Amino acid sequence: MTRTPLLEVDHLTMRFGGLIAVNDISFTAYDREITAIIGPNGAGKTTVFNCLTGFYNAPVGRLRLTGARGEFLLERMDGFRIAQKAGVARTFQNIRLFPRMTVLENLIVAQHNKLMAASGYTVAGLFGLRSYREAEREAIDLARSWLDRLGLTAQADWEAGNLPYGSQRRLEIARAMCTKPVLLCLDEPAAGLNPRESAELRELLTEIRDRHRIGVLLIEHDMSVVMGISDHIVVLDYGRLIADGTPAEVRSDPAVIRAYLGEEETDQIPPEVARDLRQEGRA
Amino acid sequence: MDVRALLKDAGLAAFVTFMLALPMIGFQTVDVSGGVGITVVTRFGDVAISVVLVFFGRLALSLLQQSNWRLPLLALSAGIALGLPLLKTQAHYPVITWLTVIASAVIAIRAAWLTFDVSGVVGRDESNRMGDAAAFVGRWFGPVFVVFALIFPFLPTTSRYVLDLGILVLTYVMLGWGLNVVVGLAGLLDLGYVAFYAVGAYSYAIIARDFGLTFWACLPLAGLFAAFFGVILGFPVLRLRGDYLAIVTLGFGEIIRIVLLNWTSFSGGPNGISGVPRPSFLGMPFHPNPPEGTTSFHQFFNIDFSAEHRIVFLYYLILVLALVTNFFTLRIRRLPIGRAWEALREDEIACRALGINPTNTKLTAFAIGAMFAGFAGAFFATRQGFISPESFSFIESAVILAIVVLGGMGSQIGVVLAAILLIGIPEFFRELAQFRMLAFGAAMVGIMIWRPRGLLAHRDPSIRLADSAGAGR
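What you are looking at is a predicted structure, and each value in this text was computed from that prediction instead of being measured. What you see as residue numbers is a count from 1 along each chain, following the sequence as written. Ligands are numbered from 1 and chains lettered from A, in the order in which they are written. Only residues with pLDDT of at least 70 get local features here, since the model is predicted, and only at 80 or more are side-chain atom pairs given and counted; chain-wide, interface and lining totals rely on the full set of residues. As a convention, hydrogens and water are excluded, and side-chain values are obtained from all of the structure's heavy atoms.

**What about the side chain of A:Arg90?**
Residues and elements named next belong to chain A. For clarity, the cut-off: Only DSSP runs of H or I with at least four residues qualify as helices, and only runs of E with at least two residues qualify as strands; both kinds are numbered from the N terminus onward. Here a polar contact means two N or O atoms within 3.5 Å. Within protein one must be a hydrogen donor candidate and the other an acceptor candidate, and residues neighboring in sequence count only if both atoms are side-chain atoms.
Here Arg-90 shows up in strand β6 (residues 88–90). Here Asn-50 takes part through its side chain, which lies 2.6 Å from a polar atom of the side chain of Arg-90. Looking at Arg-90, its side chain comes within polar contact range of the side chain of Thr-53, at 3.1 Å.

**A few points about the environment of B:Gly408**
Where we set the bar: Any two residues whose heavy atoms approach within 4.5 Å are treated as being in contact.
One can find B:Gly408 in the loop between α17 (394–407) and α18 (412–428). Once residues lying within four places of it in the same chain are set aside, the contact partners of B:Gly408 are B:Arg453, B:Gly454, B:Leu455, B:Leu456 and B:Ala457.

**Quick word on a positive patch on the surface**
Our working definition: Put simply, a patch holds well-exposed residues, over 30% relative accessible area, that have no salt bridge, with like charges counted together within 9 Å and Val, Leu, Ile, Met, Phe, Trp or Tyr side chains within 5 Å. Only the protein chains shown count as cover for residues, with accessible areas throughout obtained via the Shrake-Rupley method and a probe of 1.4 Å. By convention in these notes, a salt bridge is any Lys or Arg side-chain nitrogen within 4 Å of a carboxyl oxygen on Asp or Glu. Working convention for charge: Lys and Arg count positive, Asp and Glu count negative, and His plus the chain ends are omitted. In this description, the location of a charge corresponds to atom NZ of lysine, CZ of arginine, CG of aspartate or CD of glutamate. Note on classification: 1.4 Å probe, protein chains only; a residue is buried when its accessible area is under 20% of the maximum for its type, exposed when over 50%, partly exposed between these limits.
On the surface, A:Arg133, A:Arg137, B:Arg331 and B:Arg334 cluster together into a patch of positive charge. As for its position among the elements, A:Arg133 is in helix α6 (residues 130–150). Judged by relative accessible area, A:Arg133 falls into the partly exposed class, the value being 41%.

**So, the packing of helix α7 (residues 160–185) of chain B against helix α16 (residues 358–384) of chain B**
Residue and element names in this part refer to chain B. Condition: Every axis corresponds to a line fitted to the C-alpha atoms, with the helix fit spanning only the stretch in contact, and the corresponding angles, defined between N-to-C directions, vary from 0 to 180 degrees. The scheme is simple: roughly parallel for angles under 35 degrees, roughly antiparallel for over 145, roughly perpendicular for 65 to 115, oblique for anything else. In this scheme the crossing of two helices becomes right-handed for a clockwise turn of the near helix relative to the far one and left-handed for an anticlockwise turn of less than a right angle. Residues are sorted three ways: Asp, Glu, Lys and Arg are charged, Ala, Val, Leu, Ile, Met, Phe, Trp, Tyr, Cys and Pro are nonpolar, and all the rest, Gly among them, are polar.
One can describe the packing of α7 onto α16 by two numbers: an axis separation of 7 Å at closest approach and a directional angle of 165 degrees. Between α7 and α16, the crossing angle belongs to the class labelled roughly antiparallel. Handedness of the α7/α16 crossing: left-handed. Residue-level contacts link Asp-164, Ile-167, Leu-168, Thr-171, Met-174, Leu-175, Gly-178, Val-181 and Val-182 of α7 to Ala-365, Phe-366, Ile-368, Gly-369, Phe-372, Ala-373, Phe-375, Ala-376, Phe-379 and Arg-383 of α16. Considered class by class, the residues forming the contact of α7 with α16 number 14 nonpolar, three polar and two charged.

**Section: α6(A)**
Residue and element names in this part refer to chain A. Counted only if it meets this: The span one expects for a helix is its residue count, reduced by one, times 1.5 Å. The reported arc concerns the directions from the helix axis to the C-beta atoms and nothing else.
For α6, built from 21 residues, the straight-helix expectation of 30 Å at 1.5 Å per residue is met to within 8% by its first-to-last C-alpha distance of 30 Å. When we look at burial in α6, the residues that qualify are Tyr-132, Ala-135, Glu-136, Ala-139, Ile-140, Leu-142, Ala-143, Trp-146, Leu-147 and Leu-150. Taken around the axis of α6, the buried residues stretch over an arc of 160 degrees, which confines them to a single face. Opposite the packed face of α6, turned more than 90 degrees from it, sit the exposed residues Arg-130 and Glu-138.

**A word on the sheet that holds strand β4 (residues 60–67) of chain A**
All names here are of chain A. The criterion, for reference: Here a strand pair is declared whenever DSSP counts at least two bridges between the two strands.
Spatial ordering of the open sheet is given by β2-β1-β4-β5, a layout of four strands whose pairing is antiparallel. Unpaired on one side and paired on the other, β2 (19–30) and β5 (70–73) mark the two borders of the sheet. Averaged over all pairs of adjacent strands, the angle between strand axes in this sheet comes to 15 degrees, irrespective of strand direction. Where β4 and β5 come together, four bridges link them in antiparallel fashion. Residue pairing across strands places Gly-67 opposite Gly-70, the latter belonging to β5. Sheet strands touched by helix α1 (residues 45–52): β1 (5–16), β2 and β4. Its angle to β1, the strand with the most contacts, is close to 110 degrees.

**Things to note about unusual backbone geometry**
Residue and element names in this part refer to chain A. For Glu-188, which is not glycine, the phi dihedral falls at a positive 50 degrees. Note on placement: Glu-188 falls in the loop between β7 (183–187) and α8 (195–211). Assessed through its relative accessible area of 11%, Glu-188 is described here as buried. Positive phi outside glycine occurs at Arg-213, with the angle close to 50 degrees. Tracing the sequence through the fold places Arg-213 in the loop between α8 and β8 (215–219). For Arg-213, a relative accessible area of 49% puts it in the partly exposed group.

**Remarks on the confidence of the model for chain B**
Quick note on the threshold: For every residue, the predictor assigns a confidence score, pLDDT, that lies between 0 and 100.
Per-residue pLDDT for chain B has a mean of 82; in total, 87% of the residues score no lower than 70. Across residues 119–129 of chain B, where pLDDT falls below 50, the model places four contacts with residues more than four positions away in sequence or in other chains.

**Re the interface of chain B and chain A**
In plain terms, the rule: Here the buried area means the combined drop in accessible surface, using a 1.4 Å probe, for two parts upon being joined, counting both sides.
Opposite the 35 residues of chain B that make contact, chain A presents 42 residues. Buried surface at the junction of chain B and chain A, both sides included, amounts to about 3400 Å², of which 65% is carbon and sulfur. Broken down residue by residue, the surface that chain B buries against chain A is led by B:Glu346, B:Leu354 and B:Leu465, which jointly contribute 21%. Across the contact surface, chain B and chain A share three salt bridges.

**So, the environment of B:Gly410**
Residue and element names in this part refer to chain B. Locating Gly-410 in the fold gives a position in the loop between α17 and α18. Look at Gly-410 and you get partly exposed, because its relative accessible area is 24%. Separated by 233 residues in sequence, Gly-410 and Trp-177 have C-alpha atoms that sit 8.7 Å apart.

**Here's the deal with the pattern of salt bridges**
Residues and elements named next belong to chain A. Counted under the stated rule, the structure contains 24 salt bridges over all chains. Where Arg-64 meets Glu-8, a salt bridge forms, and the shortest distance between an N and an O atom there is 3.6 Å. Here the residue Arg-64 occupies a position in strand β4, and Glu-8 occupies one in strand β1, the gap between them amounting to 56 residues. Using a relative accessible area of 28% as the deciding quantity, one classes Arg-64 as partly exposed. With a shortest N-O distance of 3.5 Å, Arg-81 and Asp-78 are connected by a salt bridge.

**Focus: the packing of aromatic side chains**
As a reminder, the rule being used: Planes of paired rings set the category: under 30 degrees apart is stacked, over 60 is edge-to-face and the rest tilted, where pairs are Phe, Tyr or Trp rings (Trp by its six-membered ring) whose centres lie within 6.5 Å. A ring is considered to have a charge above it if a Lys NZ or an Arg CZ atom is located within 6 Å of its centre and within 35 degrees of its normal.
Under the criterion given, the structure shown has 20 aromatic pairs over all chains. Pairing B:Phe55 with B:Phe56 gives two aromatic rings, centres 5.4 Å apart and planes at 90 degrees, and the pair type is edge-to-face. A ring pair is formed by B:Phe148 and B:Phe152, whose centres lie 5.6 Å apart and whose planes are at 50 degrees; its orientation type is tilted. Ring-pair connections join several aromatic residues into one group, and the members of that group are B:Phe148, B:Phe152, B:Phe154, B:Tyr315 and B:Tyr316. Note that A:Arg3 overlies the ring of A:Tyr30, its terminal NZ or CZ placed 4.0 Å from the centroid. We note A:Arg175 situated over the ring of A:Phe98; from NZ or CZ to the ring centre the distance is 4.7 Å.

**Notes on the sheet that holds strand β9 (residues 232–237) of chain A**
Residue and element names in this part refer to chain A. Spatially, the six strands line up as an open sheet ordered β6-β7-β8-β3-β9-β10, and their pairing is mixed. Strands at the two margins of the open sheet, each flanked by one partner only, are β6 and β10 (240–245). Along the sheet, successive strands turn relative to each other by an average axial angle of 20 degrees, direction set aside. Two elements, strand β3 (residues 34–38) and β8, share four bridges in a ladder whose sense is parallel. If you follow Ala-36 over to β8, its bridge partner there is Leu-218. In this fold α1 packs onto β3, β6, β7, β8 and β9, with an angle of close to 140 degrees to the strand it touches most, β8.

The structure is reproduced here in structure tokens:
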């Protein structure tokens, strides 16, 4: 199988004041593959996501998405247009459902742009035209297929905020999928899940890759998920890319081991620091 | 049962009452005859009565926790509530009598609630029960309200004064429903809503005065202008949320009022605009001697002229406008734009991640909310016949917002109940004279204690899987 590049990240850099959160990162995520971004806390993983989905505007770098909907330069687009036009959907580290709307409504809101056009930007919908009613039925069918897949059909009319935590996580993924994306970005989807739920999640993600045939970009700390389902892993540490390869390659990479387990004490003071110290001593 | 604890609790409540009542009730300043100054009159008797009443009221409420005390207390408090108005004591202490009756009624209701609804308390939690009650109220009281509102002008008890009050309440119901779009659905806290009301009123007055258009031609224009101002307000506040949004909208409301106050050549300044044209019924004016070439309403229907025809017409006009607002809102809630408003209220960041354009969504909410205020403003102008910036002060915005919050954010029936309470009760309590606002304040405090999320805090889903599956297959 030939790999088609879906997202090409080139020299992405993001600064917050004096802090360089993401420093000159380049990698490629392929279509119909699960690409995991891992790294210790504060490595800049979520910042990459936020640049990608338009929440931050990166000053340096290029984010090129070549998907079924065409070619887009994400760094130049507004946040909501990235989801609307380019087809990048995401979930959040701390779940962001619409808690006081029902489970079904959450999935219908995700299909807003399609329904908005079908409702003639509200005018046709106000008069209950047939075309709008059909579009709404299709939207419900799509939502229903996801509810059936997640086993949440019985809870469809519950307020989303009342669902158990694990179901909320899965509902957020289903909501993102209801936007019919070409790239799905998941920010720590397994956080707080028990081992059984985490196994279910692995199954769901491989199914999204294989049946819905889209690319998945994943930030995760749970190594059973990362190593079990990823086709490709990118490792960040202190905003730099330190490794990029298959799970097996990454697992045996000395730089990755050092980043996760810490360096051995044999390491001397870094040369530049030593030089600064000498200069200070002289002054 | 711990008698000492009960007495201590009731005594504490009585003590608090004493501390509050001594300065507020105990001393009254009155003019010395001849107008040379004021003197202080003491009313320690009233203070003592209040303290005793609070003591026993508190005791009764505590005793309600004991099931064997409920029935006797129910009988006693109901007896007091019903019997006291019949006694002659009213003449001496009207306020005290009123308060005693109300307090006894509250205790009686509470006792009845606890006595007959034990099964409801066990097993189901409070919020769920409230939700069911609200859904029930929504389903049955809505049509009842509409029917009542339709026959209201023809009830024998309806005087001119009561009908005017009805018009006033309906105006606030319409404003509350309009603001509900902005605050209840889209979650944008707007403290300057009265600005759009003013824009609507002045649009109608000025267009009718300078271009001679009729009310029905001006009504859409007034809505359009108000919506336009809604968008103008919307743009600078797109990035603001919560407190900051509230401050800017508050400022916007004041800007409109101050411009109207100072731009004399345009709006007449503090003198306002008088002689705003009255509405006509299909082109037929309500006038005893219609101008040449027109037929008056009473001539056409061949009935005697009565000044009340116009009032009844105005009543139905605002009823129709309010119902249009209601049905429009109910309908748009079930459309993508309405769901996007609610989603925006819940989580703006998630909305953006789903490709919802937050700019357009917010601006439409502001524009549609403002449009209804514009309609209500045009109605206000034609009803009063005179408008001035005085009518559009901040307190109006506060009252409208209070109606929305008190009714339960997003609840349409709640707005009706809250408008009746907020506008109607101060009128009904006129008998209480200077204690009117005290009773009003007490009612507000009571509602916020017992219904912290508003009178009817219940959200009906905009779509249900059960319904759609039944209809679709």
